[in-house]
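Notes for the structure review
Chain by chain, the residues run as shown.
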Amino acid sequence: MKTLYDVQQLLKKFGIYVYVGKRMWDIELMALELDHLRQAQVIDEPTFVQAKLVLTREHRIEEKREQENLK
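Now for a description of the structure that goes with this document. (Residues numbered from 1 in each chain as written. Predicted model: local features only at pLDDT ≥ 70, side-chain atom pairs only at ≥ 80, totals over all residues. Heavy atoms only, no water.)

Attention now goes to the overall build of the protein chain. A tally of regular secondary structure across the protein chain gives three helices and zero strands. Counting helices and strands in the order they occur from the N terminus, the protein chain gives α-α-α. Its C-alpha atoms give the protein chain principal-axis dimensions of roughly 45 × 20 × 20 Å. Buried positions account for 30% of the 71 residues belonging to the protein chain. For the protein chain, the proportion of contacts with a sequence separation of at least 24, taken over those separated by at least 6, is 55%. Carbon and sulfur atoms make up 52% of the accessible area of the protein chain, which amounts to about 5,100 Å² in all. Here the protein chain contributes 12 positive and 12 negative side-chain charges, whose respective centroids are spaced 4 Å apart. (Helix = DSSP H or I, 4+ residues; strand = E, 2+ residues; numbered from the N terminus. Buried < 20%, exposed > 50% of the residue type's maximum accessible area, 1.4 Å probe, protein only. Contact = heavy atoms within 4.5 Å. Areas by Shrake-Rupley, 256 points an atom, 1.4 Å probe, with all protein chains shown as cover. Lys, Arg positive; Asp, Glu negative; His and termini not counted. Charge placed at Lys NZ, Arg CZ, Asp CG, Glu CD.)

Here is the structure:
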């Protein structure tokens, strides 16, 4: 799992489709959904960690992009 698309496909396997309209919000909601899947013990720890790392990276990229747009 390397991209945001990969995380979306993982969530789709569980019937979870995320589209809020703003990429940053989508990433944050995906992270919450992953937390819920892990708490329910539906996904294993390595998959969870890898997906969270991807979301963390994408979130940082979006924060940086938003800050650059404010300049």
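What follows deals with helix α3 (residues 45-70). Three- or four-residue spacings in an α-helix give side chains the same orientation, since the helix completes a turn every 3.6 residues. Taking 1.5 Å of rise per residue, the 26 residues of α3 would be expected to cover 38 Å, and the 37 Å separating its terminal C-alpha atoms lies within 8% of that figure. When we look at burial in α3, the residues that qualify are Phe-48, Ala-51, Val-54, Leu-55, Glu-58, His-59 and Glu-62. Residues of α3 that are buried make contact with α1 (4-12) and α2 (23-39). (Expected span 1.5 Å × (residues − 1).)

For the rest of this paragraph, the subject is the pattern of salt bridges. Counted according to the given criterion, the structure contains seven salt bridges. Between Glu-58 and Arg-23 there is a salt bridge whose closest N-O contact spans 2.8 Å. Here Glu-58, found in helix α3, pairs with Arg-23, found in helix α2; they are 35 residues apart in sequence, far enough to count as distant. The residue Glu-45 makes a salt bridge to Arg-38 at a minimum N-O spacing of 2.8 Å. One network of salt bridges, with partners in common, ties together Arg-23, Arg-57, Glu-58, Glu-62 and Arg-65. (Salt bridge = Lys/Arg side-chain N within 4 Å of Asp/Glu carboxyl O.)

If you look at the biggest cluster of nonpolar residues, it comprises 16 residues, and the most contacted ones within it are Val-7, Leu-11, Met-30, Leu-34 and Leu-55. Elements supplying a minimum of two residues to this core: α1, α2 and α3. Beyond its immediate chain neighbours, meaning those up to four positions away, Met-30 contacts Leu-4, Val-7, Gln-8, Leu-11, Val-18 and Leu-55. (Core = buried A, V, L, I, M, F, W, Y, C linked by side-chain atoms within 4.5 Å.)

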